[in-house]
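One letter stands for each residue in the lines below.
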Amino acid sequence: MRPQVNIIIICYNAVEYTRATVGSLLKNTKIPFVLTIIDNGSVDDTGIYLDSLKPNEFLRQVHIIRNKENMGVGFAYNQGLKVSIDNRYEFSCFCNNDLYFASGWLDKMLVCIKEKPNVAALNPLRTALRTKYNAKVSTMEKLLSLEETDDWRKELESFTEMAVEDFDTFTQNVVQQNKAPLEIIKFPDSLSTCVCLCRTAAYKELGYFADPDYPKYGGEDIDMCWAIMALGYDCAICHDTYVHHFRGKSIKSLDRQQLLKVSNQILYQKWRKDLLGFL
């Protein structure tokens with residue numbers, strides 16, 4: 001069976017989080033897929049780890065792209081999209097390198113997107129203000145309440161209040177807390193590109209996954225959603241699974257505030273007419 005999905009992971013340093021991301025992916029993805037990893041100029045042991053990755057029963061092929069310097073999120077995602085287009089993979093799943101996946105996550109997302117042919121981009125439940133941790137606290141509020149650490153296992157166990165081995169149980173609890181039909185996103189709302197399953201053909205039509213006009217960080221996720229909506233496609237959230245996002249592990253060294261200032265100006269100028277029309 002030829003893989004339908006190219007899972008695209010961009011990484012910049014933070015090799016232990018990359019290990020956690022890929023490790024949970026390999027453990028909990030039980031349908032054939034291809035893995036494309038873009039190393040965006042890492043200077044730690046990321047390259048050594050990536051060299052150790054080999055195909056197996058479900059991971060049918062590994063593509064590794066190495067950039068000599070950090071070219072930014074958008075540039076790297078577009079490199080991954082080109083692999084999907086060139087190899088005719090029906091779906092592309094764009095991922096950061098600081099995620100943790102639950103069993104059956106991809107199966108459930110594929111069911112969601114296949115049931116709605118007009119959905120071109122799909123998030124799972126993820127660490128966000130809109131995703132409940134429990135009746136009183138969002139998953140984002142819970143994450144921000146934790147003591148900062150670079151130990152992914154300690155961080156995940158503090159977040160879930162369970163052992164890492166019980167992450168599936170935690171995921172089931174989050175799904176129950178947020179139980180709802182497929183949620184269609186409307187302008188000016190948007191999805192995150194930290195983990196986003198997409199129809200490759202829609203992005204071939206658009207011409208990019210991330211507009212290259214944006215700097216290394218910020219704006220490309222919002223622009224992506226608005227641009228794909230403008231083509232007549234839907235963006236949505238699948239409430240049937242949860243993917244944990246540790247957040248920001250590869251961008252600590254970037255001047256985020258300055259990059260966001262520039263990207264927000266680009267975003268506003270590009271979509272000014274639409275935003276003013278909405279208001």
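Now for a quick tour of the structure. Just so you know, the residues in each chain are numbered from 1, in the order the chain's sequence is written. The predicted nature of this model means local features are confined to residues of pLDDT at least 70 and side-chain atom pairs, given and counted, to a pLDDT of 80 or more, with totals for whole chains, interfaces and linings taken over all residues. Water and hydrogen atoms were dropped before computing side-chain values, which therefore reflect all heavy atoms in the structure.

Observations regarding the overall build of the protein chain
Here's step 1: Numbering of helices and strands runs from the N terminus, with a helix taken as a DSSP run of H or I at least four residues long and a strand as a DSSP run of E at least two residues long. A tally of regular secondary structure across the protein chain gives ten helices and nine strands.
Here's step 2: For this measure, only C-alpha atoms enter the radius of gyration; the expected value for a globule follows 2.2 Å times N^0.38, where N is the number of residues. A globule of 279 residues ought to have a C-alpha radius of gyration of about 19 Å, and the protein chain, at 18 Å, matches this closely.
Here's step 3: Reported as C-alpha extents along the three principal axes, the dimensions of the protein chain are approximately 50 × 45 × 40 Å.
Here's step 4: Per-residue burial for the protein chain yields a buried fraction of 55% across its 279 residues.
Here's step 5: Only heavy atoms matter for contacts: two residues are in contact if any of them lie within 4.5 Å across the pair. Taking the intrachain contacts of the protein chain between residues at least 6 apart in sequence as the baseline, contacts between residues at least 24 apart amount to 81%.
Here's step 6: Calculation of accessible area relied on Shrake-Rupley with a 1.4 Å probe; when residues are assessed, cover is drawn exclusively from the protein chains displayed. When the accessible surface of the protein chain is split by element, carbon and sulfur atoms take 51% of a total near 13,000 Å².
Here's step 7: Working convention for charge: Lys and Arg count positive, Asp and Glu count negative, and His plus the chain ends are omitted. Positions of charges follow a simple convention, taking NZ of Lys, CZ of Arg, CG of Asp or CD of Glu. Side-chain charges of the protein chain comprise 33 positive and 35 negative groups, with the mean position of each set lying 4 Å from the other. The rule is simple: take the accessible area with a 1.4 Å probe, protein chains only, and divide by the maximum for that residue type; under 20% is buried, over 50% is exposed, in between is partly exposed.

Topic: the pattern of salt bridges
Here's step 1: Here, a salt bridge means any Lys or Arg side-chain nitrogen found within 4 Å of an Asp or Glu carboxyl oxygen. Enumeration according to the criterion identifies nine salt bridges in this entry.
Here's step 2: Salt-bridge contacts for Asp-86 lead to Lys-82; the nearest nitrogen and oxygen are separated by 2.7 Å. You can see Asp-86 and its partner Lys-82 sitting in helix α3 (residues 73-87), four residues apart, about one turn around the helix. The same class applies to Asp-86 and to Lys-82, which are both exposed.
Here's step 3: With a shortest N-O distance of 2.9 Å, Arg-130 and Glu-183 are connected by a salt bridge. In this pair, Arg-130 sits in the loop between β6 (119-126) and α5 (139-144) while Glu-183 sits in strand β7 (residues 183-185), placing the two residues 53 residues apart along the sequence.
Here's step 4: Salt bridges sharing partners connect three or more residues here, namely Arg-130, Glu-183 and Asp-189.

A closer look at empty space enclosed by the protein
Here's step 1: Using only the protein atoms, space was sampled on a 1 Å grid; points where a 1.4 Å probe fits but cannot get out form cavities, open sets with protein on both sides within 12 Å along at least five of seven lines form pockets, and lining residues are those with an atom within 4 Å of a point. Grid points are joined across faces, edges and corners, and a volume is the space filled by probe spheres set on the points. Summed over the entire model, instances satisfying the criterion amount to one cavity of 30 Å³ or more.
Here's step 2: In this model, the largest cavity occupies a volume close to 30 Å³.
Here's step 3: Along its surface, the largest cavity is lined by Pro-124, Leu-125, Arg-126, Arg-130, Thr-131 and Ile-237.
Here's step 4: With three residues, the single largest contributor to the lining of the largest cavity is β6.

A few points about the side chain of Asn-13
Here's step 1: One can find Asn-13 in the loop between β1 (5-11) and α1 (15-28).
Here's step 2: At a separation of 3.3 Å, a polar atom in the side chain of Asn-13 contacts the main-chain amide nitrogen of Asp-44. Residues adjacent in sequence count toward polar contacts only when both atoms are side-chain atoms; beyond that, a polar contact is any pair of N or O atoms within 3.5 Å, and within protein one must be able to donate a hydrogen and the other to accept it.

Notes on α3
Here's step 1: With 15 residues, α3 extends 22 Å between its outermost C-alpha atoms, agreeing within 8% with the 21 Å of an ideal straight helix rising 1.5 Å per residue.
Here's step 2: Restricting attention to buried positions, one finds in α3 the residues Val-73, Gly-74, Ala-76, Tyr-77, Gln-79, Gly-80, Leu-81, Val-83 and Ser-84.
Here's step 3: Tucked inside the fold, the buried residues of α3 contact β1, β2 (33-40), β3 (59-67), β4 (91-95), α8 (200-206) and α9 (220-230).
Here's step 4: Remark: Arg-88 follows α3 within two positions and exhibits a positive phi of approximately 60°. For a helix, the expected span equals 1.5 Å multiplied by the residue count minus one.

Some points on unusual backbone geometry
Here's step 1: The peptide bond linking Phe-187 to Pro-188 adopts the cis configuration, its omega dihedral lying at 10°.
Here's step 2: With respect to the helices and strands, Pro-188 occurs in the loop between β7 and β8 (195-199).
Here's step 3: Of note, Arg-88 is a non-glycine position whose phi angle comes to about 60°, a positive value.
Here's step 4: Here Arg-88 is to be found in the loop between α3 and β4.

A closer look at the nonpolar core
Here's step 1: Within the largest apolar cluster, 55 residues are counted, with the highest numbers of intra-cluster contacts made by Ala-121, Trp-152, Leu-191, Tyr-203, Phe-209, Ile-228 and Cys-235.
Here's step 2: Considering each element in turn, this core owes the most residues, six residues, to α9.
Here's step 3: Apart from residues no more than four positions distant in its own chain, Leu-191 is found in contact with Ala-121, Leu-122, Asn-123, Ile-185, Cys-196, Asp-221, Cys-225, Cys-235, Ala-236 and Ile-237. By convention a nonpolar core is built from buried Ala, Val, Leu, Ile, Met, Phe, Trp, Tyr and Cys residues, the set being connected through side-chain atoms within 4.5 Å.

Quick word on α9
Here's step 1: The buried fraction of α9 amounts to eight of the eleven residues, a majority that puts the element mostly inside the structure.
Here's step 2: Every buried residue belonging to α9 is among Glu-220, Asp-223, Met-224, Cys-225, Trp-226, Ala-227, Ile-228 and Met-229, and all of these are buried.
Here's step 3: A positive backbone phi angle near 100° is found at Gly-232, which sits one or two residues after α9.

Some thoughts on the pairing of β1
Here's step 1: Within β1, seven of the seven residues are buried, which leaves the element mostly enclosed by the surrounding structure.
Here's step 2: Alternating positions in β1 separate into two faces, Val-5, Ile-7, Ile-9 and Cys-11 on one and Asn-6, Ile-8 and Ile-10 on the other, with burial throughout.
Here's step 3: Strands are treated as partners if at least two bridges between them are detected by DSSP. Where β1 and β2 come together, seven bridges link them in parallel fashion. Pairing of Cys-11 across the sheet is with Asp-39, part of β2.
Here's step 4: With respect to chirality, the unit in which β1 leads through α1 into the neighbouring parallel β2 is right-handed.
Here's step 5: Examined bridge by bridge, β1 and β4 share five bridges and lie parallel to one another. Bridged to Ile-8 within β4 is Phe-94. The handedness of a crossover follows from its direction of travel: if, with the strands pointing away from the viewer, the path from the first strand over the helix to the second runs clockwise, the crossover is right-handed.

Side note on the environment of Phe-246
Here's step 1: You can see Phe-246 is positioned in the loop between β9 (234-245) and α10 (256-278).
Here's step 2: Taking the C-alpha atoms as reference points, Phe-246 and Tyr-217, separated by 29 residues in sequence, lie 17 Å from one another.
Here's step 3: In this structure, Phe-246 is in contact with Tyr-17, Asp-98, Leu-99, Tyr-100, Leu-143, Trp-152, Glu-155 and Leu-156, ignoring residues within four places of it in sequence.

Geometric values such as these leave the question of function open.
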